[in-house]
Amino acid sequence: MDTALSRTVPGERPGTVRPGWSSLLPLDPSPLLTRPSDLVRARRLAGLLRGEHVRFRDLHRLERTVSDLLVFRLDDHASEPLVIKHPRSARAAGSLTHGCAALRELAGDGRVGEWRRLLPSAEELRYDGRLLLVAERCLPGVEGDVLLRRAPGRAWPLAVAALGTVAALHRATGRPERAERRTADWVDSRLAVLADQVPWCGGARGAAAVRALRARLTGGLAGRTLTAARTHGDYHPGNILVNEASGTLSGVIDWADSLPDGPCAVDSYLFVLTLRQQRERREMGQIVADAVRRGGLLPEDRALLDHADVPPPRQESDEALLPLLTWLWHVAGNAAKSARYGRSRRWVTGNVVPVLTEVARR
């Protein structure tokens, strides 16, 4: 955190940092301010791959992501189009490196079969050991979130196709796992990210809520058997590509959060929760806090998972358990990828505080 824009408040324990004015700013910097320099940098990066003949008009869909990436499409008609991802921080470089490794592992995994057609090929360009960029081959199709903005009525068939596709990956790579044996990996490591990256979680209220969440998750996972499988880790409509005519998936992108042995329910639940978030135009934390308060998902969201053969929780168990675990993976994954998240009061207030506050009330 930028200590010049932070302060310690009298009465709080030493080391408790409260965000200053910078925390009120949007997560994304204004494109009007950054686009000129980003265009220059993008052309230089493209020149490393295609030579000095690259022109500004060959660069498309240029954006800075919240996860500290500069992303653009390179289409100079000299060869196949590429998506270029340039890390703007050490964390972003680590995420890109992890995603490339996951794609290599999947490409070499004989169990996945036809699933390989959905994977982009990715090549890393390094200089003196430092990652400069990742170049991904463009897959056909339109992003799922773009399609839903054009045609909101296609949400159900799109979700069924997406959930069925990721379920096939889980079946091919999964195995039953006693959940309590994985508490350190699936729960404790994620809670540690929140405690380290989100200042609110280090205060008295936040720390108590984190402890309450740990108790609820570990208690709920005790005695349960979940499927551990190759997980995408950030499976939502923006990370799938869809054939607009047929509605079938043509690609799955952004594997930076993938694990070979994650709880596969996280992928399915995140997709359904993100659909709800986009439909209601609210923050993920508010959606999950409602689920905790209600005691589970809305009936139509549960029906979608049932239709896709995602097993429901046992009747005697906490039906908000898997939404909570999914939320934890989502917010901890974001906070780990960029310090912007934990520094943003807006993001923390909308995505972290509502859930932890609701859990602490139970």
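Anyway, here's the lowdown on the structure attached to this text. Values in this document were obtained by computation on a predicted structure and should not be read as measured data.

Below, the discussion takes up the packing of aromatic side chains. Throughout the structure, instances matching the rule amount to three aromatic pairs. Ring plane angle 80° and centroid distance 5.9 Å describe the contact between Trp115 and Trp255, whose orientation is recorded as edge-to-face. Placement of the pair is Trp115 in the loop between α2 (90-107) and β4 (122-127) and Trp255 in the loop between β10 (249-252) and β11 (259-263), with a sequence separation of 140 residues. Among the residues examined, Trp255 registers a relative accessible area of 3% and is labelled buried. Geometrically, the ring pair formed by Tyr235 and Phe271 is tilted, given 5.5 Å between the ring centres and 40° between the ring planes. Residue Tyr235 is found in the loop between β8 (225-231) and β9 (240-242), and its partner Phe271 is found in helix α7 (residues 265-280); the two are separated by 36 residues along the sequence. One residue, Arg43, lies across the ring of Phe56, its end atom 5.4 Å from the ring centre. A cation over a ring is seen here: Arg190 above Trp329, with NZ or CZ 3.6 Å from the ring centre.

Taking strand neighbours across the sheet as the criterion, the five strands line up as β1-β2-β3-β5-β4 in an open arrangement whose pairing is antiparallel. The open sheet has two edge strands with one neighbour each: β1 (59-64) and β4. For this sheet, the mean inter-axis angle between neighbouring strands, taken without regard to orientation, is 20°. Note: strand β3 (residues 82-87) against strand β5 (residues 130-137), four bridges, orientation antiparallel. Each residue of the ladder has a partner; that of Lys85, found in β5, is Val134.

Thresholds applied
- Residues numbered from 1 in each chain as written.
- Predicted model: local features only at pLDDT ≥ 70, side-chain atom pairs only at ≥ 80, totals over all residues.
- Heavy atoms only, no water.
- Phe/Tyr/Trp six-rings, centres within 6.5 Å; stacked < 30°, edge-to-face > 60°.
- Helix = DSSP H or I, 4+ residues; strand = E, 2+ residues; numbered from the N terminus.
- Buried < 20%, exposed > 50% of the residue type's maximum accessible area, 1.4 Å probe, protein only.
- Lys NZ or Arg CZ within 6 Å of the ring centre and 35° of its normal.
- Pairing = 2+ DSSP bridges.
- Axes fitted to C-alpha atoms, helices over the stretch in contact; angles between N-to-C directions.

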